[in-house]
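Examining the three-dimensional arrangement
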Amino acid sequence: MPATNTKAKNIPGVIRPDRTVVNKPSTTTTRSTAKKKLPSLEELTLQQVEALRELKRQKDEIEAQIALIKQELLQRMSKGDTFYTEDKAFVVSLRERANWTYSQELQKDILYLEAEKKSEQQNGTATNNPTHYVHGRAVAVK
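Here goes a summary of the coordinates provided. Every chain is numbered on its own, with residues counted from 1 as its sequence reads. Owing to the predicted nature of the model, reporting of local features is limited to residues with pLDDT of at least 70; listing and counting of side-chain atom pairs is limited to 80 or more, with chain, interface and lining totals taken over all residues. Side-chain numbers here rest on the full set of heavy atoms in the structure, without hydrogens or water.

Quick look at the overall build of the protein chain now. Numbering of helices and strands starts at the N terminus; helices are DSSP runs of H or I of at least 4 residues and strands are runs of E of at least 2. A tally of helices and strands in the protein chain yields two helices and two strands. Along the chain direction, N to C, the helices and strands of the protein chain fall in the order α-β-β-α. Split into buried and exposed, the 142 residues of the protein chain put 1% on the buried side. Considering only intrachain contacts with a sequence separation of at least 6, the fraction spanning at least 24 residues in the protein chain is 5%. To sort residues, take the accessible area from a 1.4 Å probe on protein chains only and compare it with the maximum for the residue type: under 20% means buried, over 50% means exposed, and anything in between is partly exposed. Whether two residues are in contact is decided by their heavy atoms, any of which lying within 4.5 Å being enough.

With that settled, the discussion passes to unusual backbone geometry. Residues other than glycine seldom take positive phi values, yet Lys88 does so here, at roughly 60°. One can find Lys88 in the loop between strand 1 (82–84) and strand 2 (91–93).

Right, let's talk about helix 2 (residues 104–123) for a bit. An expected span of 1.5 Å times one less than the residue number is assigned to each helix. For helix 2, with 20 residues, the first-to-last C-alpha span of 29 Å sits near the 28 Å given by 1.5 Å per residue. Trailing helix 2 by a residue or two, Gly124 shows a phi angle of about 90°, which is positive.

Below, the discussion takes up the pattern of salt bridges. Criterion for a salt bridge: a side-chain nitrogen of Lys or Arg within 4 Å of a carboxyl oxygen of Asp or Glu. Here the structure, examined in full by the defined rule, presents seven salt bridges. Across the pair Glu50 and Arg53 runs a salt bridge, and its minimum N-O distance is 2.9 Å. Taken together, the residues span about one helical turn, with Glu50 and Arg53 both in helix 1 (residues 41–76) at a distance of three residues. The class for Glu50 is partly exposed, based on a relative accessible area of 38%. Overall, the relative accessible area of 58% leaves Arg53 in the exposed class. Put simply, Glu54, Arg57 and Glu61 are held in one network by salt bridges that share partners.

Turning our eyes to something else, we now look at a nonpolar patch on the surface. On the surface, a nonpolar cluster with roughly 450 Å² of combined accessible area is contributed by Trp100, Tyr102, Leu106 and Ile110. Along the polypeptide, Tyr102 turns up in the loop between strand 2 and helix 2. Using a relative accessible area of 43% as the deciding quantity, one classes Tyr102 as partly exposed. The residues that make up patches have over 30% relative accessible area and no salt bridge, and they are joined within 9 Å when like-charged or within 5 Å when they are Val, Leu, Ile, Met, Phe, Trp or Tyr. Reported accessibility uses the Shrake-Rupley method at a 1.4 Å probe radius. Residues are deemed covered only where the shown protein chains occlude them.

Written out as structure tokens, the structure is:
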């Protein structure tokens, strides 16, 4: 095992051999002996929920603007049209997506399979492996 310099292990920001990171020194010259009050879980959660709400509002606004621009471009563009930004860093082109239509016989089979899936869910044959996610939505204020 190679010899290590003990001083090098204590350089701020360096990862020690035991995989811990050396803390960076304080940038202030005087240290306060008073402990800083950390926000409670409720305060922290409220801050995060408020931030999430504002970001969701901004995202919805941006997505509405994008949808409007895409609709305008769709009406004006022809198949094969391609447009670049001046710096060539972004491109817009009209593409085609497949949209299949199936025979009535196959559509009946699909409906039958969907009904069978629902039946297995209800009688316990099917297994549910749920995933967890955070969902945010606007609530009507009374």
